[in-house]
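Chain by chain, the residues run as shown.
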Amino acid sequence: MENTVNTIWERLDASYPERISFITEPDPWRFLVTVMLSASTTDAQAVKAASALFALYPDPESVAGAGDEEIGRLIRSAGLWKTKAPRIREVSAYIAEHGLPSSAEELMKLPGIGEKTAACYTEHVFGGNAVIADTHFVRVARRLGFTDTSDRAKAAREIRERFPEDSWSRMSMVLNMHGRTVCRPRPLCASCPVRALCPSSADAV
Ligand code: SF4
């Protein structure tokens, strides 16, 4: 069983480009805001909304001093602006006062920052390895037999226990990409590179 899981992972890994990066923003605060904007929308929409925001409010201090309505107007294309605007303002105010969070734990004390956002930040800013268990990741991991839970935190824990640390970030990117493009909610098994091994493939059910 473990051998099959490892073979599936090796084959899937090999079928995706070496570099997969959805949000490439180098500045840590801007990266964090863009990831917050990406909740429940595409990365492309998040980047577009972030660009509109940064054009007028280029740093944490200026966003901290802006009104929620104004922030919301600029980020509206990313959706859920009534929730996202105050969270982005509060996180920016914290960073303006205290500097960038130095750990995932510190970050997760801020409003609207969950495990997934903290993992993205840790991986991007500190170069650490993190399991980023978003919806796509968990769906694909379950179908492949990497985990048997749909609970994101539990799935992330199981993956961390099951696979070596140096594979966590890469696996997060590959499973996310696979979930967006092939193993969608309605999976395109006929186009899948691990179809022959997947326990959930259209052939297996
Ligand atoms: S074979 Fe189908 S269910 Fe399995 S990973 Fe590929 S697309 Fe998903």
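## As for the site of the ligand
Turning to step 1, where the next piece is worked out: Residues in contact with the ligand, as listed here, are Arg143, Leu144, His178, Cys183, Pro187, Cys189, Cys192, Arg195, Cys198, Ser200 and Ser201.
Turning to step 2, where the next piece is worked out: Of the residues in the shell around the ligand, the class split is six nonpolar, three polar and two charged.

## Digging into the packing of aromatic side chains
Turning to step 1, where the next piece is worked out: Counting across every chain of the model gives three aromatic pairs.
Turning to step 2, where the next piece is worked out: Here the aromatic rings of tryptophan 29 and phenylalanine 54 are separated by 5.2 Å at their centres, their planes lie at 50°, and the arrangement is tilted. In this pair, tryptophan 29 sits in helix α2 (residues 28-37) while phenylalanine 54 sits in helix α3 (residues 43-56), placing the two residues 25 residues apart along the sequence.
Turning to step 3, where the next piece is worked out: Between the aromatic rings of tyrosine 121 and phenylalanine 126, the centroid separation amounts to 5.9 Å while the plane-to-plane angle is 85°, which identifies the pairing as edge-to-face.
Turning to step 4, where the next piece is worked out: A residue is classified by how much of its surface remains accessible, and tyrosine 121, at 0% relative accessible area, is buried.
Turning to step 5, where the next piece is worked out: For phenylalanine 126, a relative accessible area of 42% corresponds to the partly exposed category.
Turning to step 6, where the next piece is worked out: Against the face of tryptophan 81 rests arginine 76, its NZ or CZ located 4.4 Å from the ring centre.

## Concerning unusual backbone geometry
Turning to step 1, where the next piece is worked out: Non-glycine residue serine 40 carries a positive phi angle of around 60°.
Turning to step 2, where the next piece is worked out: Relative to the elements of secondary structure, serine 40 occurs in the loop between α2 and α3.
Turning to step 3, where the next piece is worked out: We classify serine 40 as exposed; its relative accessible area is 71%.
Turning to step 4, where the next piece is worked out: The phi dihedral of leucine 80 is positive, around 50°, even though this residue is not glycine.
Turning to step 5, where the next piece is worked out: Inspection of the secondary structure puts leucine 80 in the loop between α5 (68-75) and α6 (81-98).

Conventions and cut-offs
Residues numbered from 1 in each chain as written. Predicted model: local features only at pLDDT ≥ 70, side-chain atom pairs only at ≥ 80, totals over all residues. Heavy atoms only, no water. Near = heavy atom within 4 Å. Nonpolar A, V, L, I, M, F, W, Y, C, P; charged D, E, K, R; others polar. Phe/Tyr/Trp six-rings, centres within 6.5 Å; stacked < 30°, edge-to-face > 60°. Helix = DSSP H or I, 4+ residues; strand = E, 2+ residues; numbered from the N terminus. Buried < 20%, exposed > 50% of the residue type's maximum accessible area, 1.4 Å probe, protein only. Lys NZ or Arg CZ within 6 Å of the ring centre and 35° of its normal.

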